[in-house]
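# Structural overview
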Amino acid sequence: MSTGTAFVSIDGLKKGRQAVSDILEAAAGGCGSTGGAGKASCGSSAGPEDMPPEIWDKIKNHPCYSEEAHHHYARMHVAVAPACNIQCNYCNRKYDCSNESRPGVVSQKLTPEQAVKKVLAVASEIPQMTVLGIAGPGDALANPKKTFDTFRMLAEQAPDIKLCLSTNGLALPEMVEEICKYNIDHVTITINMVDPAIGEKIYPWIFWDHKRVTGLEAARILHEQQMKGLEMLTARGVLTKINSVLIPGINDEHLIEVNREVKKRGAFLHNIMPLISEAEHGTYFGLNGQRGPSAQELKAVQDACMGGANLMRHCRQCRADAVGLLGEDRSDEFTLDKIEQMEIVYDLDKRRAYQESVEGERQAQHAAKESALAEAAADDGVDADMAVLVAVATEGHGKVNQHFGHATEFQIYELNKAGAIFVGHRRVDLYCQGGFGEDEQLPSIVSAINDCHAVLVSKIGACPRDELLAAGIEPVDRFAHEFIEKAALGWFGEYRQRIARGEITHQPRGDARIRQGAYTGGAEAAA
Ligand code: CLF
Ligand code: SF4
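Residues numbered from 1 in each chain as written. Chains lettered and ligands numbered in written order. Predicted model: local features only at pLDDT ≥ 70, side-chain atom pairs only at ≥ 80, totals over all residues. Heavy atoms only, no water.

### As for the nonpolar core
Spelled out, the test is: For this analysis, a nonpolar core means a set of buried residues of the types Ala, Val, Leu, Ile, Met, Phe, Trp, Tyr and Cys, connected via side-chain atoms within 4.5 Å. Partly exposed describes any residue whose relative accessible area lies between the buried limit of under 20% and the exposed limit of over 50%, with all areas from a 1.4 Å probe on protein chains only and scaled to the type maximum. A run of H or I in DSSP becomes a helix once it reaches four residues, and a run of E becomes a strand once it reaches two; helices and strands are each numbered from the N terminus.
Counting 62 residues, the largest nonpolar core has Val-78, Met-129, Leu-154, Ile-179 and Ile-184 as its most contacted members. Top element by residues in this core is helix 4 (residues 112-125). It accounts for 7 residues. The next biggest cluster of nonpolar side chains, apart from the first, holds 35 residues, and it includes Cys-64, Leu-222, Met-312 and Leu-326.

Right, here's the structure in full:
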């Protein structure tokens, strides 16, 4: 680890802060003009008209920084960073990093050389893969040599791939120079508190200045390093995203203050994620019965942060070796032994041509959304403030294009007269196992989308259809293969007309459960 310390001038800091706050102002202001219902997802759903071109260029095909892009572009992680310099109570080092990874699957750790080979292999097979992230399985900056060697070698061989890293922030201030040297434009810092008294309940120790520090002192040092690192990145014009793990009873209300503080320091996005905590993960929280939030508890904290730093709501809490679109996992296709058998042809022109076609598809989705918004705005005599959630089964391209039985997650949209806003996703076990519906999976699927009024799918069988109807969730397949927002607002318009005609009465829905633990083997195999 480098021991050099980077300093920035006060003027530089002010200039950088001003630059990023101008961008945030521009993004927030543009939301209204593009029909967004609120600022909550402005940062991640804003378009080119909402921000300076150089910022748009950085986020337009980054699936985490742009909600729209995540339907079309993929990212990958390489697990080159096994060590960590702190302990979080939600992490068991035996598993992937819980704050950036789905727990339960151990990564195949790679050397930088293996990692670069893997990235080139994926880039040649998946031309819409645009971002390489290093997110563990420990901390990217607690393994600086492996992390920066990987970035350096990749930048030489595949200059079109964006570089991204994720860190707990402890070592960040002393690494800012290196981050800038390698043109790493996107940095995620996991910040769960801005008050060491709360931090003490989340972090039992940190490794600092060659020794282990515990208690309040550990949380204070971590907090100061995180804030300093964030300010330094802002001063250098690096886009930052803050990840916060929502831990009910510990930092739930406090995250509103975190949101305020990180916005003040120039964070571009804030991603509030649910704690995933099961005894089987072997974490301190899991073993001591600390629960994760329900879907509505998570949404309530996210909604309360509207107007603060712009929110990301499409995070999938990826594995440290994830490959593919957010929400899909193709890492099994790129194990070291499989890569050895592959013919790797990194063809920049082919990648660019493919990405141009993806851009066309994305613009078509955007146009469909705009025309659906105009229709939704018409007065129909029904309560103008009514808002409902719907679940959508999709396998990408921004369309309702997945069979109910093939979904391992549903995307959740909030609909009101002002638009269709992506507000999250819900993981489920696969209903269809080898051609047969698994009826015992249905209750868990229903509980995952229980706060939704409808589920939009390309197709659905008779049995799940009846069970969903009995649970008060309307299965809808008449919008198959349409763009999501157009389909969702189309259904919403019909729903409102049925209310207007007196055929149905609008009933509020209950809460939903955020799925904990690993997927079933069957689900993995069939996905
Ligand atoms: Fe990876 Fe993270 Fe970069 Fe994205 S993930 S390092 S910013 S390329 Fe994205 Fe995954 Fe959520 Fe992270 S969905 S866990 S926010
Ligand atoms: Fe685990 Fe990540 Fe926390 Fe380190 S920073 S203890 S790897 S969750």
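### A look at the sheet that holds strand 6 (residues 205-208)
The line we're drawing: Any two strands with at least two DSSP-identified bridges between them are counted as paired. Two residues form a contact once any of their heavy atoms are found within 4.5 Å. The axes used here are C-alpha line fits, helices contributing only the stretch in contact, and every angle between their N-to-C directions lies in the interval 0 to 180 degrees.
Spatial strand order, 2-6-7: 3 strands in an open sheet with antiparallel pairing. Since the sheet does not close on itself, it has two edges, and those belong to strand 2 (86-87) and strand 7 (211-214), each with one partner. As defined by bridge partners, strand 6 adjoins strand 7 across 4 bridges and the pair is classed as antiparallel. Residue pairing in the sheet places Trp-208 in a bridge with Lys-211 of strand 7. Sitting on the sheet, helix 8 (residues 215-235) is in contact with strand 2, strand 6 and strand 7, with an inclination near 100° to strand 7.

### What to know about unusual backbone geometry
Of note, the bond from Gly-136 into Pro-137 is cis; its omega dihedral lies within 30 degrees of zero at 15°. With a phi angle near 65°, His-397 is a residue other than glycine that sits in the positive phi range. Structurally, the position occupied by His-397 is in the loop between strand 12 (388-392) and strand 13 (409-416). Look at His-397 and you get partly exposed, because its relative accessible area is 37%.

### A closer look at the site of ligand 1
So the rule is basically this: Nearness is judged by heavy atoms alone; a residue qualifies as near a molecule or strand once a single heavy atom is within 4 Å of it. Any residue that is not Ala, Val, Leu, Ile, Met, Phe, Trp, Tyr, Cys, Pro, Asp, Glu, Lys or Arg is counted as polar, Gly included; the first ten are nonpolar and the last four charged.
Within the structure, ligand 1 sits among 15 residues, and Cys-64, His-77, Cys-164, Cys-315 and Cys-318 are positioned closest to it. Considering only residue class, the shell around ligand 1 consists of 7 nonpolar, 5 polar and 3 charged.

### Regarding the side chain of Asn-271
What counts is decided by this rule: Here a polar contact means two N or O atoms within 3.5 Å. Within protein one must be a hydrogen donor candidate and the other an acceptor candidate, and residues neighboring in sequence count only if both atoms are side-chain atoms.
Among the secondary structure elements, Asn-271 is positioned in strand 9 (residues 269-274). Using a relative accessible area of 1% as the deciding quantity, one classes Asn-271 as buried. A polar atom in the side chain of Asn-271 sits 2.8 Å from the side chain of Asn-243. Setting aside residues no more than four positions away along its own chain, Asn-271 makes contact with Lys-241, Ile-242, Asn-243, Ser-244, Met-312 and Cys-315.

### Some details on the packing of helix 13 (residues 348-376) against helix 16 (residues 484-500)
Just so we agree on the cut-off: Our angle categories are set so that under 35 degrees counts as roughly parallel, over 145 as roughly antiparallel, 65 to 115 as roughly perpendicular, and the remainder as oblique. For any helix crossing, the convention is left-handed if the near helix is rotated counterclockwise from the far helix by under a right angle, and right-handed if that rotation is clockwise.
Contact pair helix 13 / helix 16: the axes reach a minimum separation of 7 Å and the direction vectors enclose 20°. As summarised for this structure, helix 13 and helix 16 are arranged roughly parallel, according to the angle between their axes. For the pair helix 13 and helix 16, the sense of crossing is left-handed. Taking contact as the criterion, the partners of Gln-365, Ala-368, Lys-369, Ala-372, Leu-373 and Ala-376 in helix 13 are, on helix 16, Glu-485, Lys-486 and Leu-489.

### Some remarks on the environment of Ser-124
With respect to the helices and strands, the residue Ser-124 is situated in helix 4. Separated by 227 residues in the primary sequence, Ser-124 and Arg-351 place their C-alpha atoms 7.9 Å from one another. Every residue in contact with Ser-124, bar those within four places of it in the chain, is listed here: Ile-344, Val-345, Tyr-346 and Lys-350.

### Some thoughts on the sheet that holds strand 1 (residues 74-77)
The sheet built from 8 strands is open, its strands ordered 10-9-8-5-4-3-1-11 with mixed pairing. The open sheet has two edge strands with one neighbour each: strand 10 (311-312) and strand 11 (323-324). For strand 4 (residues 162-167) and strand 5 (residues 186-190), the ladder comprises 4 bridges, and the chain directions are parallel. Residue pairing for strand 5: Cys-164 is matched across the bridge by His-186. Here helix 11 (residues 295-304) sits on the sheet and contacts strand 8 (239-246), strand 9 and strand 10; the angle it forms with strand 9, its principal contact strand, is near 160°.

### Observations concerning the confidence of the model for the chain
Caution applies to low-pLDDT parts of the model: their predicted coordinates are not meant to be read in detail. Put simply, the rule reads: Note on scores: pLDDT gives the predictor's confidence for each residue, bounded by 0 and 100.
Per-residue pLDDT for the chain has a mean of 83; in total, 83% of the residues score no lower than 70. Predicted confidence for residues 100-106 stays below pLDDT 50, and this span has 31 contacts to residues more than four positions away or in other chains.

### Structural notes on the pattern of salt bridges
Threshold: We define a salt bridge as a contact between a side-chain nitrogen of Lys or Arg and a carboxyl oxygen of Asp or Glu at a distance within 4 Å.
The tally for this structure, following the rule as stated, stands at 29 salt bridges. For Glu-414, the salt bridge goes to Lys-299, with nearest N and O atoms at 2.9 Å. Of this pair, Glu-414 sits in strand 13 while Lys-299 sits in helix 11, and the two are 115 residues apart along the sequence. In this structure, Arg-478 engages Glu-494 in a salt bridge whose closest nitrogen and oxygen atoms are separated by 2.7 Å. Of the two residues, Arg-478 sits in the loop between strand 18 (474-476) and helix 16 while Glu-494 sits in helix 16, which places them 16 residues apart along the sequence. Classification of Glu-494 as partly exposed rests on a relative accessible area of 27%. One connected set of salt bridges, linked through shared partners, spans Glu-231, Glu-261, Lys-264 and Arg-265.

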